[in-house]
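A look at the structure
Chain by chain, the residues run as shown.
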Amino acid sequence: MAHVVIVGGGFAGVWSAAGAALARGDADLRITLVAPNEHLVLRPRLYEPAPDLAKVELARILRPIGVEHVRSEVTEIDTGSRMMVADGEEIGYDRLVLAAGSKLVRPRGLPGGDRLFDIDDLAGALRLTEHLRARPDCSVVVVGAGFVGLEAATELAARGRVLLVDRSEAVGEHLGPGPRKEIEAALDQLGIEYRLGTTVTEVGDGFAVLSDGTKVAADAVVWSVGMTASELTRQISDRLDHLGRIPVDRQLRATPEVFAAGDVAAAPFDAEHTVMQACQHATPLGKVAGYNAAADLLGKPLRDFTPGPYVTCLDLGGAGAIFTRGWDREVMATGAQGKDIKKRINQAIHPPVDDAAKILAAADRVSIELPFFPREPENAASTA
Ligand SMILES: Cc1cc2nc3c(=O)[nH]c(=O)nc-3n(C[C@H](O)[C@H](O)[C@H](O)COP(=O)(O)OP(=O)(O)OC[C@H]3O[C@@H](n4cnc5c(N)ncnc54)[C@H](O)[C@@H]3O)c2cc1C
């Protein structure tokens, strides 16, 4: 029987599995998902104070839709023989969906680097939560004032003093100038000190040394400087982008027999942009890549990846959240209204479980639905 194998059990992998099951219908086709984890980890929620809640048992999604789960880590992929090696065992495929995600970029040779904390995966987020639980009124240094660092810093401000440092000269540099004023106001409101043009050069027991030589108190140093795609991408293509991602076409095909989805895929969003390494894109990418991998084997028409509007929702802890729309990240909602949207997004990213019809119906909806997002900037009336 023809075999679709999906590597990865994050948003992209899970939705690839559902997309493949949708395309299979009643046809004979074996679908296997290979990933070491027992749970889908909802990485966008790992900054929350109870990260253990940010997970969904994979079996509750895969079993109802007839997808086998092999709990192994893939180390080799041979696209010539269509074989992979996972924990020493060989697995053959007819179509492969690579959805092995991304990992935090870690510093090399940083003195005390083994003392760093992160919220990149569930184990890291739990370790940080446990560490700080024993240290009320702690001092924390967050390195990296991008999306993840800002969410971590503003959430940690409720647990102690936070110093946010970033090598660049602007807070949220990659988010552009659109939401910057609101972000800076939120940091001020929460009493978060930030130092720009600065990084951490050493981590010690209860302290960190900054690149200007200053020694600051630090019960924890949280590293959040960006993500890079899984190393498995190198076994598929030698034309990776600056994030280590594989270029794919509109049907998410990387080679005749390999599709890619999620944080490993540099898929075209529009004429100017590729997708972001974001759950917002990993989910629809998975749905299309999985569908196409199965459809290709079954002789069905393939689907194009047609993303919905690009939005962001940045949680700012006790200062609410900022919801933006478009690549210029025009601010549409802030404060309590933004927070309400963030809460609804963080619920909406939980896939349906235990119900094949609901899971397959969700796999068939590729564009994100924005029923609860405001259509106009909240200050439109006052500026009109
Ligand atoms: C703290 C944080 C906050 C975020 N906030 C947001 C947000 O607000 N909005 C948003 O859109 N995005 C957000 N993101 C980004 C989002 O979480 C990722 O883009 C998304 O998780 C990517 O999904 P993925 O399935 O491609 O990869 P991942 O979530 O990285 O999953 C990869 C999967 O592949 C498996 N895997 C890896 N290597 C192998 C291997 N060799 N063999 C087998 N399996 C393997 C892993 O175990 C995992 O199951 C955030 C990320 C973080 C860390």
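Analysis parameters
Along every chain, residues carry numbers that run from 1 in the direction the sequence is written. Given that the model is predicted, a residue must reach a pLDDT of at least 70 before its local features are reported, and side-chain atom pairs must reach 80 or more before they are shown or counted; all residues, however, enter totals for whole chains, interfaces and linings. To obtain the side-chain values, all non-hydrogen atoms of the structure were included, while hydrogens and water were left out. UniProt positions are given in the numbering used here, feature names are shortened, and annotations may be inferred rather than shown by experiment. Here, any two strands with at least 2 DSSP bridges between them count as paired. Strands are runs of DSSP state E lasting at least 2 residues, helices are runs of H or I lasting at least 4, and numbering of each runs from the N terminus. Axis lines are fitted to C-alpha atoms, over the contacting stretch for helices. Their N-to-C directions set the angle, which ranges from 0 to 180 degrees. Only heavy atoms matter for contacts: two residues are in contact if any of them lie within 4.5 Å across the pair. Remark: exposure states derive from per-residue accessible area (1.4 Å probe, protein chains only) relative to the maximum for the residue type, with buried under 20%, exposed over 50%, and partly exposed in between. Should an angle fall under 35 degrees it is called roughly parallel, over 145 degrees roughly antiparallel, and 65 to 115 degrees roughly perpendicular, with every other angle called oblique. Three classes are used: nonpolar for Ala, Val, Leu, Ile, Met, Phe, Trp, Tyr, Cys and Pro, charged for Asp, Glu, Lys and Arg, and polar for all others, with Gly counted as polar. One side-chain nitrogen of Lys or Arg within 4 Å of one carboxyl oxygen of Asp or Glu is enough to make a salt bridge. We call Phe, Tyr and Trp rings a pair once their centres come within 6.5 Å, taking the six-membered ring for Trp, and we label the pair stacked below 30 degrees between planes, edge-to-face above 60, and tilted otherwise. We call a charge positioned over a ring when the NZ of a Lys or the CZ of an Arg lies within 6 Å of the ring centre and within 35 degrees of the ring normal. The predictor attaches a confidence to each residue, called pLDDT, with possible values from 0 through 100.

Looking at an unreviewed UniProt entry, one finds the protein chain named NAD(P)/FAD-dependent oxidoreductase and attributed to Catenulispora subtropica. Among the UniProt annotations of the protein chain, the heading Sequence similarities (unreviewed entry) holds the following wording: "Belongs to the NADH dehydrogenase family."

The sheet built from four strands is open, its strands ordered E13-E12-E11-E17 with parallel pairing. Of all strands in the sheet, those bounded by a partner on one side alone are strand E13 (193-196) and strand E17 (220-223). When the angles between neighbouring strand axes are averaged without regard to direction, this sheet yields 20 degrees. Sheet topology places strand E12 (residues 160-166) next to E13; four bridges connect them, and they run parallel. Paired with Leu-164 across the strands is Tyr-194, a residue of E13. Each of strand E11 (138-143) and E17 touches helix H3 (residues 122-133); the most contacted strand, E17, lies at about 160 degrees to it.

Time to look at the environment of Ala-27. Turning to its location among the elements, Ala-27 is positioned in the loop between helix H1 (11-24) and strand E2 (30-34). With relative accessibility at 32%, the residue Ala-27 sits in the partly exposed group. A C-alpha to C-alpha distance of 7.9 Å links Ala-27 and Leu-298, two positions 271 residues apart in sequence.

Quick look at the packing of H1 against helix H8 (residues 356-363) now. Relative orientation of the contacting elements H1 and H8 amounts to 100 degrees, with a least axis distance of 9 Å. By the angle between their directions, the pair H1 and H8 is classed as roughly perpendicular. Contact residues: H1 offers Trp-15, Ala-18, Gly-19, Ala-21 and Leu-22, while H8 offers Ile-359, Leu-360, Ala-362 and Ala-363. A breakdown of the residues in the contact of H1 with H8 according to their chemical character gives eight nonpolar, one polar and no charged.

Another aspect to go through is the pattern of salt bridges. Scanning the entire structure with this criterion turns up 22 salt bridges. For the salt bridge of Asp-137 with Arg-161, the shortest nitrogen-to-oxygen distance reads 3.4 Å. Remark: Arg-161 occurs in strand E12 and Asp-137 occurs in the loop between H3 and E11; sequence separation between them is 24 residues. A salt bridge links Arg-195 to Glu-193; the shortest N-O distance between them is 2.9 Å. A relative accessible area of 23% places Arg-195 in the partly exposed class. Judged by relative accessible area, which is 40%, Glu-193 ranks as partly exposed.

Attention now moves to the packing of aromatic side chains. Considering all chains together, one arrives at two aromatic pairs under this definition. An aromatic cluster is present here, built from Phe-269, Tyr-310 and Trp-327 joined pairwise through their rings. Positioned above the aromatic ring of Phe-117 is the side chain of Arg-127, whose terminal nitrogen or guanidinium carbon lies 4.2 Å from the ring centre. The side chain of Arg-303 reaches across the aromatic face of Tyr-291, ending 3.9 Å from its centre.

Now for the confidence of the model for the protein chain. A residue-level look at the protein chain finds 96% of positions with pLDDT of 70 or above and a mean pLDDT of 95. Of all helices and strands in the protein chain, the one with the weakest mean pLDDT is helix H9 (residues 380-383) (35), whereas strand E1 (residues 3-7) scores best (99). Contacts from residues 376-384, a stretch scored under 50 in pLDDT, to residues over four places away or in other chains number eight contacts.

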